[in-house]
Amino acid sequence: MSETQLLEALRNLPIAAVRFYAETGSTNQEALDWAAQGAPDSALVVADHQTAGRGRFGRRWFTPAGAALAFSMVLRPLQISTDKVPLYSPLGALSVAQALENAYHLRPQIKWPNDVLLKNRKVCGVLAEALWQDNVLQAIVLGIGINVAPSSVPPDEQVLFPATCVEAALGRTINRWGLLAEVLKALLEWRDQIASPAFLEAWQKRLAFVDQLVRLENPGGETFEGRLIGIHANGHLRLQLDDGSERAFSIGDLKLRPLS
Ligand code: BTN
């Protein structure tokens, strides 16, 4: 699919500038470099093929040519309190979930904080990275990877959480750029409502594993098990522990797994 078709699909969206790469290392890196050179708010980087796609926890993200969506948007919020920064990756997940609902009537869920699932398999990952200068936030780069065709789905033995793709869920092929346009439309609408009650309600409504037993693991290997209650107004995850007490976990380096 060509760059012309991409630009045509994005024609009606308020996007300041677009850079398309047939192949690049990572769209997040391209967007961070561009942001450092002055990229405007809503500047978008799209790649057909990433050779060094970045995932959370320093993992790699697989983006083979012609089979997935890999894109990053430069966001320059006017007034950003640092407590809202962690909500940008859920913003990406919520936008993808809503696009899958609106465009294809699918029923995605969000594995806290920001993985999008279809039938309990991961279809999309989000990596938000911040650009700072002298302790002042300059921009947030919101990177989103969506598995579209079956060849974009890594085998179960290569991933920690089983993956799937949009076309497997639908049983037919789709136009990738059409899906991208739906996601960006939702993203540009939700970004102005980030941290609002409506934003939190929309995120919470799609939360996976509510009322189920889950395990959280921090980078030190410490684990916490409990029943997932929901999210707090600040985006923290609420768990009810075995002794009946409630504990909240902030968005960060925590991995979440269902126990059943
Ligand atoms: C995760 O680990 O779940 C997050 C994956 C994020 C992947 C996307 S693909 C587009 C953007 N560019 C990158 O290098 N990573 C993000």
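Every value quoted in this text rests on a predicted model; they were computed, and no experiment measured them.

## Things to note about the layout of surface pockets
Link 1 in the chain: What the largest pocket holds in volume is close to 730 Å³.
Link 2 in the chain: Lining the largest pocket are 41 residues, and of these Gly-55, Arg-59, Arg-60, Trp-61 and Lys-122 lie nearest its centre.
Link 3 in the chain: Mapped by element, the contributors of at least two residues to the lining of the largest pocket are helix H2 (27–36), strand E2 (44–54), strand E3 (60–63), strand E4 (68–75), strand E7 (121–133), strand E8 (136–147) and strand E13 (255–258).
Link 4 in the chain: The leading source of residues in the lining of the largest pocket is E2, at five residues.
Link 5 in the chain: Here the residues of the lining of the largest pocket sort into 18 nonpolar, 14 polar and nine charged.
Link 6 in the chain: Two domains share the lining of the largest pocket, each providing at least three of its residues, namely domain 1 (3–205) and domain 2 (213–258).
Link 7 in the chain: One number sums up the size of the second largest pocket: a volume of about 320 Å³.
Link 8 in the chain: In terms of lining, the second largest pocket is formed by 17 residues, of which the most central are Arg-56, Ser-89, Ala-128, Ile-251 and Gly-252.

## A closer look at the pairing of E8
Link 1 in the chain: Burial analysis of E8 places 10 of its 12 residues in the buried class, which makes it a mostly covered element.
Link 2 in the chain: The sheet contact formed by E4 and E8 spans eight bridges and is antiparallel. Counterpart to Ala-70 in the pairing with E8 is Gly-145.
Link 3 in the chain: Across 10 bridges, the pairing between E7 and E8 is antiparallel. Following the sheet pairing, Glu-129 is matched in E8 by Val-141.
Link 4 in the chain: Linkage of E7 to E8, two consecutive antiparallel strands, is achieved through a turn of two residues, within which Asp-134 is found at a positive phi near 50°.

## Description of the pattern of salt bridges
Link 1 in the chain: By the definition in use, this model includes 11 salt bridges.
Link 2 in the chain: Here Lys-122 ties to Asp-115 by a salt bridge, and the two come within 3.1 Å at their closest N and O atoms.
Link 3 in the chain: We classify Lys-122 as buried; its relative accessible area is 16%.
Link 4 in the chain: For Glu-246, the salt bridge goes to Arg-238, with nearest N and O atoms at 2.7 Å.
Link 5 in the chain: Look at Glu-246 and you get partly exposed, because its relative accessible area is 41%.
Link 6 in the chain: Through salt bridges with shared partners, a single ionic network connects Lys-111, Asp-115 and Lys-122.

## Some details on the state of the cysteines
Link 1 in the chain: Considering all chains together, one arrives at zero disulfides under this definition.
Link 2 in the chain: Left without a disulfide partner, Cys-165 is nearest to the cysteine sulfur of Cys-124, which lies 13 Å away.
Link 3 in the chain: Since its relative accessible area comes to 2%, Cys-165 is described here as buried.

## Re the side chain of Thr-27
Link 1 in the chain: Examined against the element boundaries, Thr-27 turns out to sit in helix H2.
Link 2 in the chain: Residues in contact with Thr-27, not counting those within four places in the same chain, are Val-45, Val-46, Ala-47, Gln-50, Ala-70, Phe-71 and Ser-72.

## So, the pairing of E4
Link 1 in the chain: Of all eight residues making up E4, eight are buried, and the element is well covered by its neighbours.
Link 2 in the chain: The side-chain alternation of E4 yields two buried faces, one formed by Ala-68, Ala-70, Ser-72 and Val-74 and the other by Leu-69, Phe-71, Met-73 and Leu-75.
Link 3 in the chain: With four bridges connecting them, E2 and E4 associate as antiparallel partners. Across the sheet, Ala-47 pairs through a bridge with Ala-70, a residue of E4.

Here is what the cut-offs are and how they apply
For every chain, the first residue of the written sequence is number 1, and numbering continues from 1 along that sequence. Under the rules for a predicted model, residues below a pLDDT of 70 receive no local features and side-chain atom pairs below 80 are neither given nor counted, while totals for whole chains, interfaces and linings still include all residues. Calculation of side-chain values draws on the structure's entire complement of heavy atoms; hydrogens and water are dropped beforehand. Both cavities and pockets are sets of points on a 1 Å grid over the protein atoms alone; in a cavity a 1.4 Å probe fits but cannot get out, in a pocket the set is open with protein on both sides within 12 Å along at least five of seven lines, and lining residues sit with an atom within 4 Å of a point. Grid points are joined across faces, edges and corners, and a volume is the space filled by probe spheres set on the points. Numbering goes from the N terminus for both helices and strands, where a helix is a DSSP run of H or I of at least four residues and a strand is a run of E of at least two. Three residue categories are used. Nonpolar comprises Ala, Val, Leu, Ile, Met, Phe, Trp, Tyr, Cys and Pro, charged comprises Asp, Glu, Lys and Arg, and polar comprises the others, including Gly. Boundaries of every domain are those given by an automatic assignment or by a domain database. When a residue's accessible area, from a 1.4 Å probe over protein chains only, is under 20% of the maximum for its type it is buried; when over 50% it is exposed; and in between it is partly exposed. At least two bridges found by DSSP between two strands are what make those strands a pair. The working definition used for a salt bridge is a side-chain nitrogen of Lys or Arg within 4 Å of a carboxyl oxygen of Asp or Glu. When two cysteine sulfur atoms lie within 2.5 Å, the pair is treated as a disulfide. Whether two residues are in contact is decided by their heavy atoms, any of which lying within 4.5 Å being enough.

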